[in-house]
Amino acid sequence: MNRLINRVGYSVLAVFSGILVVSSLNGCHSSEGKTEKTAVAEEPQPLEVIALRKGKLSSSLQIPGELMAFRDVDIYAKVSGFIKSIHADVGTEVKEGQLLALAEAPELNAQLSAAHSRLKSQEALYIASKANYDRYVDAAKTPGTVAQTMIEQTLAKKESDLAQLEAAKSSYREVSDMRKYLEIRAPFSGIISLRNASTGAYIGPSGKGSEFPLFVLTEQKRLRLVIAVPEAYTGYVDLNDEVTFTVKAYPDKKFSGKVKRLAGALDKRLRSERTEVDVINNDRKLLPGMIAEVTIPLPTKNTTFVVPKSAVINATTGVFIVKVINQKAEWVPVQKGLEDGDSVEVFGEVKEGDQILTTATEEVRNGSAIRSVKQRT
């Protein structure tokens, strides 16, 4: 019996010993594994760098603009009178010189008659004084017949009557020209966009009847697209550059035009340059007053340094890229230019071939050591 107990005791002890050995071995292997993993994790990952190169970057600027009529005038009456007949209405397409309305002014007819009578009277006086002078000149050909003073007096009378005749002619032309203003004509070809007069209405250059224009004439077949280009982009826009735009009325259609006028100065309030684009509108789909979404191409005129956007740090103290020199990080202040996708122009104290980090963060401090790098392919 004692032998049996001893055997069982030895068996249990052997089992416990085996378990302890296995546990110890497993503990050793686990510790070694953790040590190995920790060692692998502590190895620094190489930072990716690229060599700085020059290139050209093309971008575009999205900006709102307003379509305006190339010419748009308010037409008023030059003289007082009453509308006799109307020959154009809203939406009427007219040609240059076409009659829009005809007015009447009875007092002008009376003035014209009076001016015509004065003209005829002065013509008669001049003819008489000229004939008298001519007779004295002919008589003076016989010595001693006519005194020299008489010739001088008749000459003075003739010159005076001639001056009066010219004045009468001017008065007659003035009244005659005033009558022409009763015919209200289109100063250029376009479309009548507004009409404020009706037959029988009083019109005049001042007072009642002149508060509003008789007509508003708009040139629609050629428009001005007016845009305000921000100061930062004025250097990229030149005359004859082509721009494209869309309007809400035709969202699926693109229109185009060429830059024809640059203000040459910045608006003091908006800090932008007024830029005008000529737009041909023969089908008259586009209307003055429409708001357009304009796309202005911004091609780089010269080669500049182009880097990935991830290489630029926008810190509170400025904008930087990180150069790697002798395994040390050097923060270089730069200015950003055009952006296109994932690329951006930079300007600063850099040169071609400089090694810069492709992904720069504030964790890489200025002057910190960089032990391992890899070149981006």
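Now for a description of the structure that goes with this document.

About the thresholds
Residues numbered from 1 in each chain as written. Predicted model: local features only at pLDDT ≥ 70, side-chain atom pairs only at ≥ 80, totals over all residues. Heavy atoms only, no water. Phe/Tyr/Trp six-rings, centres within 6.5 Å; stacked < 30°, edge-to-face > 60°. Helix = DSSP H or I, 4+ residues; strand = E, 2+ residues; numbered from the N terminus. Buried < 20%, exposed > 50% of the residue type's maximum accessible area, 1.4 Å probe, protein only. Lys NZ or Arg CZ within 6 Å of the ring centre and 35° of its normal.

## Side note on the packing of aromatic side chains
Applying the stated criterion across every chain, the model contains four aromatic pairs. Taking the centre distance of 5.6 Å and the plane angle of 65 degrees together, the rings of Phe82 and Tyr202 count as edge-to-face. Placement of the pair is Phe82 in strand β5 (residues 81-86) and Tyr202 in strand β10 (residues 202-203), with a sequence separation of 120 residues. Judged by centre distance (5.2 Å) and plane angle (50 degrees), the ring pair of Phe320 and Trp331 falls under tilted. Of this pair, Phe320 sits in strand β19 (residues 318-325) while Trp331 sits in strand β20 (residues 328-340), and the two are eleven residues apart along the sequence. On the accessibility criterion, Phe320 (13% relative accessible area) is buried. The class for Trp331 is buried, based on a relative accessible area of 13%. Ring-pair connections join several aromatic residues into one group, and the members of that group are Phe245, Tyr250 and Phe255. One residue, Arg222, lies across the ring of Phe70, its end atom 3.6 Å from the ring centre. In this arrangement the basic side chain of Lys253 is found over the ring face of Phe255, its NZ or CZ atom lying 5.4 Å from the centre.

## Section: unusual backbone geometry
Even without being a glycine, Asn240 presents a positive backbone phi close to 70 degrees. With respect to the helices and strands, the residue Asn240 is situated in the loop between β12 (222-230) and β13 (242-247). Overall, the relative accessible area of 47% leaves Asn240 in the partly exposed class. Its identity is not glycine, yet Arg284 carries a phi of approximately 60 degrees, on the positive side. Checked against the element boundaries, Arg284 lands in the loop between β15 (272-280) and β16 (291-299).

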